[in-house]
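Breakdown of the fold
What follows is each chain in one-letter form.
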Amino acid sequence: MSQINRILVTGGAGFLGSHLCERLVAEGHDVICLDNFFTSQKTNVVHLLGKPNFELIRHDVTLPIFLEVDQIYHLACPAAPGHYQYNPIKTIKTSVMGSINMLGMAKRCGAKILLASTSEIYGDPEVHPQPESYRGNVNPIGPRACYDEGKRAAETLFMDYYRMNKVNIRIVRIFNTYGPRMHPYDGRVVSNFIRQAITGKDITIFGDGDQTRAFCYRDDLVEGIKRMMNCSNDFIGPVNIGNPGEFTIRELAELVIELTGVSSKLVTKPLPADDPTRRRPDITLAKAKLDWQPKVPLRDGLAKTIEWFKSIDLSHYRPPTPNYV
Ligand code: NAD
Ligand code: UDP
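The notes below deal with the structure included here. (Residues numbered from 1 in each chain as written. Chains lettered and ligands numbered in written order. Predicted model: local features only at pLDDT ≥ 70, side-chain atom pairs only at ≥ 80, totals over all residues. Heavy atoms only, no water.)

1. Thoughts on the pattern of salt bridges
If you walk through the whole model with that rule in mind, you get 18 salt bridges. For E120, the salt bridge identified is with R144, shortest N-O distance 2.7 Å. Remark: R144 occurs in the loop between β5 (112–118) and α4 (145–165) and E120 occurs in the loop between β5 and α4; sequence separation between them is 24 residues. Like R144, E120 is buried. Across the pair R144 and D275 runs a salt bridge, and its minimum N-O distance is 4.0 Å. Within this pair, whereas R144 is found in the loop between β5 and α4, its partner D275 is found in the loop between β13 (266–269) and α8 (284–290), the two being separated by 131 residues in sequence. (Salt bridge = Lys/Arg side-chain N within 4 Å of Asp/Glu carboxyl O. Helix = DSSP H or I, 4+ residues; strand = E, 2+ residues; numbered from the N terminus. Buried < 20%, exposed > 50% of the residue type's maximum accessible area, 1.4 Å probe, protein only.)

Next up, the structure:
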């Protein structure tokens, strides 16, 4: 490795954050994982706790904190609809105040800072697939707005700190990502379908199941955001990171049934408000600027995820912390 960095990962105990911490620790960096454990738990990073180059801080990003680091991966934010709608006011505070606090730290330390933004900033898209130049179709007053508008505001803050204060920023728009360590009760489609299948429950399809998503395996995603952090300073993004393979939700359900070998029934439930009808990243920019594209096909990634779900004790996972205020 060329250089050892002091790296802060906010939301570092979460699904993506814990995998990122693992990769950075293995590379020899000094890693600080900061998390308030709203949607995660220490078990996600317990295997890193004894390492001399890993440190865990319980902290809420809406409050200031003073650390000295070279790089910040800013991931702290609930990401699943059921989690971010649990306390919508706290969700938007986390995006906005959390970003201000972390950008302030980046400015003070001269650190490079990457925002984990989202495909949700495109809302229910009228342009398909979605390139970074598309400005989106978000309902600012709907139940998803606390997350979508929070992340849009975070992108604005990142750009303004870049233009006004010359903070060295990166913006990544992450599309639906799945894999081991997803919270089994987060209500996201992949975790729901796998948990339902392996516990002999019916599989719940919201709406007619013709809506689409494009699913990226966790390892591909983490490789993409690492490349973005370390790319040349003349490319700050935003850049889409996701897998362009597009599937209907019904196709996903059928694949989960095939791979788990169960005979679960598909049952339909009402479609949640403002649920995007289709979504698929245009990754032309990531390919050109980062030489990145996903490698893991959905079938292979799902098989690994199913294996992990079968290996965990579901009773050890709890719903979001009730005092998330
Ligand atoms: P996650 O819920 O597993 O991780 C989020 C982490 O942030 C959790 O550990 C949670 O406890 C922590 N957190 C929440 N509020 C906090 C606060 N106020 N202070 C400190 N920590 C806080 O979700 P994830 O899928 O790992 O998502 C990580 C990031 O990637 C999020 O910013 C999310 O918006 C973004 N993202 C994820 C996806 C995806 O499909 N997984 C898609 C788009 C964007
Ligand atoms: N979905 C579903 N059944 C479930 C959970 C989700 O049909 O048990 C649908 C949901 O309505 C949406 C898609 O799957 O159309 C993806 O939902 P998820 O919550 O994973 O992510 P997002 O909507 O944020 O992309």
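Picking up where we left off.
2. Digging into the site of ligand 2
Taken together, 18 residues lie near ligand 2, and V189, T204, R213, D275 and R279 sit nearest. Residue N192 places a side-chain N or O atom 2.8 Å away from an oxygen atom belonging to ligand 2. Coverage of ligand 2 by the protein chains reaches 95% of its 520 Å² of free accessible surface. Secondary-structure elements contributing two or more residues to the shell around ligand 2 are α5 (189–198) and β8 (203–206). Tallied by class, residues from the shell around ligand 2 come to 7 nonpolar, 5 polar and 6 charged. (Near = heavy atom within 4 Å. Polar contact = N/O pair within 3.5 Å; in protein donor to acceptor, adjacent residues only side chain to side chain. Areas by Shrake-Rupley, 256 points an atom, 1.4 Å probe, with all protein chains shown as cover. Nonpolar A, V, L, I, M, F, W, Y, C, P; charged D, E, K, R; others polar.)

3. Notes on the pairing of strand β2 (residues 30–35)
With 5 of 6 residues buried, β2 lies mostly within the body of the structure. Bridge count between strand β1 (residues 6–10) and β2: 5 bridges; the pairing is parallel. Bridge assignment links L8 to a residue of β2, and that residue is I32. When β2 meets strand β3 (residues 54–58), the two strands line up parallel, connected through 5 bridges. (Pairing = 2+ DSSP bridges.)

4. Quick look at the site of ligand 1
Among the 30 residues in the neighbourhood of ligand 1, the closest are listed as D35, T39, S40, L75 and Y147. At a separation of 2.8 Å, an oxygen atom of ligand 1 approaches a polar backbone atom of T177. One of the side-chain N or O atoms of R188 is found 3.0 Å from a nitrogen atom in ligand 1. Against a free-state accessible area of 820 Å², the protein chains account for coverage of 97% of ligand 1. The set of elements that each furnish at least two residues to the shell around ligand 1 consists of α1 (15–26), β5 and α4. With 3 residues, the top contributor of residues to the shell around ligand 1 is β5.

5. A word on the nonpolar core
By size, the foremost hydrophobic cluster in this structure holds 60 residues, and its most contacted members are Y73, L290 and L302. With near-sequence residues (within four places) excluded, L290 lies in contact with G224, R227, M228, C231, F235, V239, I241 and L285. One finds V61, M105, Y161 and V167 within the second-largest nonpolar core, a separate group that totals 26 residues. (Core = buried A, V, L, I, M, F, W, Y, C linked by side-chain atoms within 4.5 Å. Contact = heavy atoms within 4.5 Å.)

6. Overview of helix α3 (residues 88–109)
Given a rise of 1.5 Å per residue, 22 residues ought to cover 32 Å, and the 31 Å separating the end C-alpha atoms of α3 matches this to within 8%. By the burial criterion, the buried members of α3 are K90, T91, T94, S95, G98, S99, N101, M102, L103, M105 and A106. Against β1, β4 (71–74), α2 (81–84), β5, α4 and β6 (169–174) lie the buried residues of α3. Directly after α3, the chain includes G110, whose backbone phi takes a positive value near 70°. (Expected span 1.5 Å × (residues − 1).)

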